[in-house]
Amino acid sequence: MSFFSNFQSDKCPGTISGNPLNGMCEKVCIQAQKIFDACIKQIQIENYSLTLTDNVPADPTYPLTFISARSTSSMGNITNLNVERLHDKPGCARVQATVSIPVEVLYTDANGVEGVAQSTISVSEDVLLFVPAPSIMPYKVTSEVSAVCAEGRFNPDTNTFSVNACLTVILKVAIDVEILVPSYGYCAIPPAQDYSQEVCAGFFELPLYPQGKSCSNK
C-alpha cells in the first residue's frame, strides 16, 4: 500500500472532507524553505557550442556523431549574481545572474563505439523579482533547470558539438525559516505492498475444461 492506494486513514495526506478543523490538534514549528518569489523562463537556443569533458571511454576516435544530450541535475549553478533594488518599486529588485546547466552528451565515435561526456549550458538571466527586506537570516537566489538537446553536429576544428537546445530555468528567492503551521499530528505510514506482475493470473482464471455443447445437445 501507500498513501494513495486504498489506505483508509484520517492520518494520511489527501483530500479534506468535512470540517477541516476536525482532528487539528496543535501548532507545529517546522523548518522549511520559504519561497518569497519565483519565475520561469523557457527558451530555445540554436547552435550552442558544447565543450566535452570526462569522456567515457576516454580518447574517442574522431569525428564524433551526436546522439542526444540532456540535463543531469535539476539544480542549476548560479554565478555572477547581482541584485539591484528598485527604489520606484518597493520590494522589487533587478536580478541578474548566469545559470549553468550540467548536461550529459551521448555520441558514437568514428569506430561506432558509443560514448558519453559531460558539458555545460550557460544562460544569462535578467529578471524582476520580489526580494525581502534585509534581515539576520539572508535570502538566497536558487535555480531549478532542465535541458534537452535533440539535434547536434560535430565541429572537427574544435572537437565540440553545436546543438539546438530547449531550456527551462526557474529562479527562486528563498530563505530557510522556522515556520508555525497547524497540524493534525503524525502521519500514519501504510505497510508496503510488494509489486507483482501476476504472471499466472490470466492462466489461473481459465476454466478447468473448455465450455461448449456436447454431442448429445445437437
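In this text, all values refer to a predicted model and were calculated from it rather than measured experimentally. (Residues numbered from 1 in each chain as written. Predicted model: local features only at pLDDT ≥ 70, side-chain atom pairs only at ≥ 80, totals over all residues. Heavy atoms only, no water.)

## Considerations on the overall build of the protein chain
Moving on, step 1. Per the secondary structure count, the protein chain includes one helix and eight strands.
Moving on, step 2. When the helices and strands of the protein chain are listed from N to C terminus, the series reads β-β-β-β-β-β-β-β-α.
Moving on, step 3. Buried residues in the protein chain amount to 27% of all 218 residues.
Moving on, step 4. The long-range share in the protein chain, meaning contacts at least 24 apart out of those at least 6 apart in sequence, stands at 77%.
Moving on, step 5. By element, 54% of the accessible surface of the protein chain is carried by carbon and sulfur atoms, the whole surface being about 15100 Å². (Helix = DSSP H or I, 4+ residues; strand = E, 2+ residues; numbered from the N terminus. Buried < 20%, exposed > 50% of the residue type's maximum accessible area, 1.4 Å probe, protein only. Contact = heavy atoms within 4.5 Å. Areas by Shrake-Rupley, 256 points an atom, 1.4 Å probe, with all protein chains shown as cover.)

## Points about the pairing of strand S8 (residues 160–183)
Moving on, step 1. Sheet topology places strand S1 (residues 26–51) next to S8; 23 bridges connect them, and they run antiparallel. Bridge pairing links Tyr48 to Val163 in S8.
Moving on, step 2. Two elements, strand S7 (residues 140–155) and S8, share 15 bridges in a ladder whose sense is antiparallel. Within the sheet, the bridge partner assigned to Phe154 lies in S8 and is Phe161.
Moving on, step 3. Counted between consecutive antiparallel strands, the loop separating S7 from S8 contains four residues, among which Asn159 sits at a positive phi close to 55°. (Pairing = 2+ DSSP bridges.)

## Points about unusual backbone geometry
Moving on, step 1. With an omega dihedral of -5°, the bond running from Val56 to Pro57 counts as a cis peptide bond.
Moving on, step 2. Along the chain, Pro57 turns up in the loop between strand S2 (53–56) and strand S3 (65–71).
Moving on, step 3. Across the junction of Tyr62 and Pro63, the peptide omega takes the value 5°, indicating a cis bond.
Moving on, step 4. Positionally, Pro63 belongs in the loop between S2 and S3.
Moving on, step 5. Within the chain, Asn47 stands out as a residue other than glycine whose phi angle is a positive 55°.
Moving on, step 6. Relative accessible area serves as the criterion here: at 48%, Asn47 is assigned to the partly exposed category.
Moving on, step 7. Even without being a glycine, Asn80 presents a positive backbone phi close to 55°.
Moving on, step 8. Looking at the element boundaries, Asn80 is found in strand S4 (residues 77–85).
Moving on, step 9. Overall, Asn80 belongs to the exposed group, its relative accessible area being 61%.

## A few points about the environment of Pro102
Moving on, step 1. Following the sequence through the fold, Pro102 ends up in strand S5 (residues 92–108).
Moving on, step 2. A relative accessible area of 27% means that Pro102 is categorised as partly exposed.
Moving on, step 3. Dropping the residues within four chain positions of it, Pro102 is found in contact with Arg70, Ser71, Thr72, Ser73, Met75 and Ser119.

## Some words on the pattern of salt bridges
Oppositely charged side chains can pair when the atoms bearing their charge come close.
Moving on, step 1. Evaluation of the coordinates by the stated rule reveals four salt bridges.
Moving on, step 2. For Lys41, the salt bridge goes to Glu125, with nearest N and O atoms at 3.5 Å. Of the two residues, Lys41 sits in strand S1 while Glu125 sits in strand S6 (residues 114–130), which places them 84 residues apart along the sequence.
Moving on, step 3. Owing to a relative accessible area of 30%, Lys41 belongs among the partly exposed residues under this scheme.
Moving on, step 4. Classification of Glu125 by relative accessible area gives buried; the value is 4%.
Moving on, step 5. Here Glu144 ties to Lys172 by a salt bridge, and the two come within 2.9 Å at their closest N and O atoms. Of this pair, Glu144 sits in strand S7 while Lys172 sits in strand S8; the two residues are 28 residues apart in sequence, bridging distant segments of the chain.
Moving on, step 6. You can call Glu144 partly exposed: its relative accessible area is 31%. (Salt bridge = Lys/Arg side-chain N within 4 Å of Asp/Glu carboxyl O.)

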